[in-house]
Amino acid sequence: MAVQSDSGGKDDVKTQFVTREGTYRLMTLSEYSRPNRVGYTSGSGSTHVRVSLVSLPPGPGDGAPGSDGQSSDDRICFNHGKELYVYVYRGVKKAADLTKPVDKKMYKGTNPTCHDFNTVTMTPDSVSLVIGFSTGQIQLIDPIKKELSKLYNEERLIDKTRVTCIKWVPGSSNLFIAAHASGQLYVYNEELTCGTATPHYQLFKQGDGYSIHTCRTKSTRNPLYRWVIGVEGSCINEFSFSPCGTNLAVVSQDGFLRVFHYDTMELIGRARSYFGGFLCVCWSPDGKYVVVGGEDDLVTVWSFSERRVVARGQGHRSWVSVVAFDPYVVSFSEADNEDVAEEDKKSESVQCYRLGSVSQDTQLCFWDLTEDVLRPPVRARASAHLSPNSQHFSPNGVPGGKIPAKCPKTNKIGHKHAELSGQNNASGEPSGAKPAAKTKANNISTLNISVGKAKEENTGSLGANFTQRLAGFSFGERRSDHRRNFSLTKPTEKASATNTVALRGKSAGTTSDSYDPLKLIGTPSCPRFDECPVLEPLVCKKIAHERLTALLFRAEYFVTACADGCVNTWARPTRTHNGDARPRRCDRIDLVD
């Protein structure tokens, strides 16, 4: 397949590109950014701009969305430096109004790093937004009503390192998970308070490369659980729940993708990068595949049912920062319908997945994951499992016991007893930390979070030793035009408090031979370059001057963001009916039983 790539100059930024569906166009009037476009200096704040988007339910008397598929009930949130903005999102048909933010917050002593809307409890005039910060604290607000404001880990007693990813547990009204640069996940109940002293933990469950702990307290407090994942100090970069909410995929700076069954807390699969860390992860809309990207500049596709890497995509010239499936450019799957003839099943099964990725090389790539790549002939598929280093794996390439290969149809969410624990609070007080101080002038809320005397320690990249050990190996031809100025060594952070690493070395089980990076080469978790298909991007275009940090797909558009704080909207291809240009609606894939 021919690749559409840029051949222009360094500053030749594209505002449109063509695929088989038609032309995607940048909507210049739909750009969201700071009202003051003066950029930050490199030391003034975080350059990783995250974007959260939510569609609120229509209120009484509200009509259905217009013919363009957009509704005034959409809200968009993004962070830049020490500021966080929430706007009414107007879609592709109306210009953005940057003079009237729904909410704007400026923080002192810390930077917002990630955020997520709660789609379970939202109403037409209320939505909960949880925010993680560079100094470890977590804030819960309602940007519409502005009555809710709680702080968690306010004194940094739970974890002192940066919050790298924060998300609500699917289907839960009060549980959310925060990942930290210390290599730990914490499960919080927004109705509970945090303790006034450093938490003491007891081992609850452990497996190969991870352990789970609970707090030793007389009354239930946050955090409900602490997941310790990977080697000591290995930053958790992102996690993602499967569409059915049953499985949890986690990627870390140690270069591992780990997939857990959330309810049973069992490790059910993993994959390994060529070198460096995995930075991003996402699930296919039907939950059959997990895609990761990272510091090896590759896009890696892992099959949930086969528990192995089935393909890699090579097209970016620097670290891949975000991967995301486009659920609106895909075929329906009818392969599980027992009434369909065998010949019809082949023709009606999913023919192609559309995947998007953005990178620090400022380029956007689209990939078509076709069936001939994801499901090679049985003979070729079996050969990938034959390796002299595969003695540490079960036949499906996964250590440990049996776990169901598919997500159940029901959306069962784990830790139910933890979710209900907030109802047993004897005090009956709304839990959380003290409300943040607010100033009403100019609709700006200012929060001063005390960092204290404790300082975060920076260490060299944990993947450095692994990279050096692989220096003598040949994994295939590397692109000579790799942008080294983007691929700087990324330091990882670790907690200075002893409680965050006290049990890691003994209970996490990271010394197992099955986790030796070199021994994983040639196994289903990390096949050699010639042992699995290598994909070329359908399109690869430079769309920004700064590193790209966000990618979200919606029915009529997709959204990108870059490190300078600009959030852009790209309209999908249009087609003409009776002379009128109308957005083309693509089929969206549904969950497969």
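Per chain, residue numbering runs from 1 following the sequence as it is written. Where totals are concerned, whole chains, interfaces and linings use all residues; where local detail is concerned, this predicted model gives features only for residues with pLDDT of at least 70, and gives and counts side-chain atom pairs only at 80 or more. To get the side-chain values, all heavy atoms of the structure are used, and hydrogens and water are removed first.

Below, the discussion takes up the nonpolar core. Ile177, Leu185, Trp227, Ile229, Phe239, Val250 and Tyr262 are the most contacted members of the largest nonpolar core, which has 23 residues in total. Secondary structure elements follow DSSP: runs of H or I no shorter than four residues count as helices, runs of E no shorter than two count as strands, and numbering proceeds from the N terminus. Only β13 (175-180), β14 (184-189), β16 (210-215), β17 (225-229), β18 (236-241) and β19 (247-252) provide two or more residues apiece to this core. Only buried residues count toward a nonpolar core. Its members are Ala, Val, Leu, Ile, Met, Phe, Trp, Tyr and Cys residues joined through side-chain atoms within 4.5 Å. When accessible area is computed with a 1.4 Å probe and restricted to protein chains, residues below 20% of their type maximum are described as buried, those above 50% as exposed, and intermediate ones as partly exposed. Formed by 21 residues, the second largest nonpolar core is a distinct cluster that contains Val299, Val301, Val310 and Val330.

Turning our eyes to something else, we now look at the sheet that holds strand β9 (residues 129-133). Strands were regarded as paired on the criterion that DSSP finds at least two bridges between them. As summarised here, the arrangement of the four strands in space is β8-β9-β10-β11, forming an open sheet in which the pairing is antiparallel. Each edge of the sheet is formed by a strand with only one pairing partner; in this case those strands are β8 (112-117) and β11 (149-152). Averaged over all pairs of adjacent strands, the angle between strand axes in this sheet comes to 20°, irrespective of strand direction. As defined by bridge partners, strand β10 (residues 138-141) adjoins β11 across four bridges and the pair is classed as antiparallel. When the sheet's bridge partners are listed, Gln139 is paired in β11 with Leu151. Fitted lines through C-alpha atoms serve as axes, helices being fitted only where they are in contact, and the angles separating the N-to-C directions of these axes extend from 0 to 180 degrees.

Before going further, it helps to examine the packing of aromatic side chains. Between the rings of Phe, Tyr and Trp (Trp by its six-membered ring), a pair exists once the centres lie within 6.5 Å; its type follows the angle of the planes, with under 30 degrees stacked, over 60 edge-to-face, and the other angles tilted. Overall, the coordinates contain 31 aromatic pairs when judged by the stated rule. On the numbers, 5.2 Å between centres and 5° between planes, the contact of Phe176 with Tyr188 is stacked. Of this pair, Phe176 sits in strand β13 while Tyr188 is found in strand β14, placing the two residues twelve residues apart along the sequence. Residues Phe366 and Phe558 carry aromatic rings whose centres are separated by 5.8 Å and whose planes lie at 65° to one another, so their mutual orientation is edge-to-face. Remark: Phe558 occurs in strand β35 (residues 557-562) and Phe366 occurs in strand β28 (residues 363-370); sequence separation between them is 192 residues. For Phe558, a relative accessible area of 0% puts it in the buried group. Grouping aromatic residues by their ring pairs yields a cluster made of Phe17, Tyr24, Phe366, Phe553, Phe558 and Trp570. Note on geometry: a ring has a charge over it if NZ (lysine) or CZ (arginine) is within 6 Å of the ring centre and within 35 degrees of the ring normal. Between the NZ or CZ atom of Lys167 and the centre of the ring of Phe239, over which it lies, the distance is 5.8 Å. Here Arg226 stacks its cationic end above the ring of Tyr201, 4.1 Å away from the centre of that ring.

Moving on, we come to the pairing of β8. For β8, a buried count of six out of six residues is recorded, marking the element as mostly surrounded by other parts of the structure. For β8 and β9, the ladder comprises five bridges, and the chain directions are antiparallel. When the bridges of β9 are listed, Phe117 appears paired with Leu129.

The subject of this paragraph is the side chain of Lys542. Along the chain, Lys542 turns up in strand β33 (residues 539-542). Here the side chain of Lys542 touches Thr362 through a polar contact of 3.1 Å, side chain to side chain. Whenever two N or O atoms come within 3.5 Å, that pair is a polar contact, provided that in protein one can donate a hydrogen and the other can accept it, and provided that, for residues adjacent in sequence, both atoms are side-chain atoms. Side-chain polar atoms of Lys542 contact the backbone oxygen of Ala544, separated by 3.2 Å.

If you add up the space inside the largest pocket, you get close to 1,600 Å³. Lining the largest pocket we find 49 residues, and of these Asp116, Lys167, Ser240, Leu552 and Arg554 sit closest to its centre. Method remark: on a 1 Å grid restricted to protein atoms, a set of points is classed as a cavity if a 1.4 Å probe fits but cannot get out and as a pocket if it is open with protein on both sides within 12 Å along at least five of seven lines; lining residues have an atom within 4 Å of a point. Grid points are joined across faces, edges and corners, and a volume is the space filled by probe spheres set on the points.

A few words on the sheet that holds strand β22 (residues 278-283). Strand order in the open sheet formed by five strands is β22-β23-β24-β25-β32, with mixed pairing between adjacent strands. Each of the sheet's edge strands pairs with one partner strand only, and the pair in question is β22 and β32 (534-535).

Another aspect to go through is the state of the cysteines. Criterion for a disulfide: a pair of cysteine sulfur atoms at a distance within 2.5 Å. Summed over all chains, the structure comprises zero disulfides. For the unlinked cysteine Cys165, the closest cysteine sulfur is that of Cys114, found at 6.1 Å. Free cysteine Cys194: the closest other cysteine sulfur is in Cys215, separated by 9.1 Å. With a relative accessible area of 19%, Cys194 lands in the buried category.

Mapped onto the fold, Val102 is located in the loop between β6 (83-88) and β7 (103-108). Judged by relative accessible area, which is 15%, Val102 ranks as buried. Counting along the chain gives 17 residues from Val102 to Tyr85, while the straight-line C-alpha distance between them is 7.7 Å.

This part covers the environment of Arg317. Mapped onto the secondary structure, Arg317 falls in the loop between β25 (308-314) and β26 (320-326). Along the chain, Arg317 and Ser359 lie 42 residues apart, while their C-alpha atoms are 8.0 Å from each other.

For the rest of this paragraph, the subject is the side chain of Arg50. Here Arg50 lies in the loop between β3 (22-32) and β4 (51-55). The charged-residue count follows a simple rule in which Lys and Arg add positive charge and Asp and Glu add negative charge, with His and chain termini not counted at all. Salt-bridge detection follows one rule: a side-chain nitrogen of Lys or Arg within 4 Å of a carboxyl oxygen of Asp or Glu. Although Arg50 is buried, it forms no salt bridge, and the closest oppositely charged side chain is Glu238 at an N-O distance of 5.5 Å. Of note is the side chain of Arg50, whose polar atom sits 3.0 Å from the side chain of His48. Whether two residues touch is decided by their heavy atoms; if any such pair falls within 4.5 Å, the residues are in contact. Those residues in contact with Arg50 that sit more than four places away from it in its chain are Cys77, Phe78, Asn79, Thr113, Cys114, His115, Thr164 and Asn237.

Across the six residues that make up β22, a large majority, six, are buried. Sheet analysis places β22 next to strand β23 (residues 289-294), joined by five bridges and oriented antiparallel. What sits directly across from Cys282, in β23, is Val291. Linking β22 to β23, which pair antiparallel, is a turn of five residues; within it Gly287 sits at a positive phi near 75°.

On to unusual backbone geometry, then. Leaving glycine aside, a negative phi is the common case for residues, and trans is the common case for peptide bonds. Residue Pro223 is reached from Asn222 by a cis peptide bond, and omega for that bond is 0°. Checked against the element boundaries, Pro223 lands in the loop between β16 and β17. Positive phi is not limited to glycine here, since Arg156 has a value of about 60°. With respect to the element layout, Arg156 can be found in the loop between β11 and β12 (163-168).

Turning next to the environment of Tyr262. Within the secondary structure layout, Tyr262 lies in the loop between β20 (256-261) and β21 (266-272). Residue Tyr262 is classed as buried on the basis of its relative accessible area of 0%. In this structure the C-alpha to C-alpha distance between Tyr262 and Gly245, which are 17 residues apart in sequence, comes to 8.2 Å.

A few words now on the confidence of the model for the protein chain. The predicted model of the protein chain has a mean per-residue pLDDT of 76, with 63% of residues at 70 or higher. What pLDDT expresses is the predictor's confidence in each residue, scored from 0 to 100. Note on residues 40-45: pLDDT is under 50 here. Beyond four places in sequence and across chains, it has nine contacts. Below a pLDDT of 50 lies the segment residues 576-593, which in the model reaches 47 contacts outside its immediate sequence neighbourhood of four places, other chains included.

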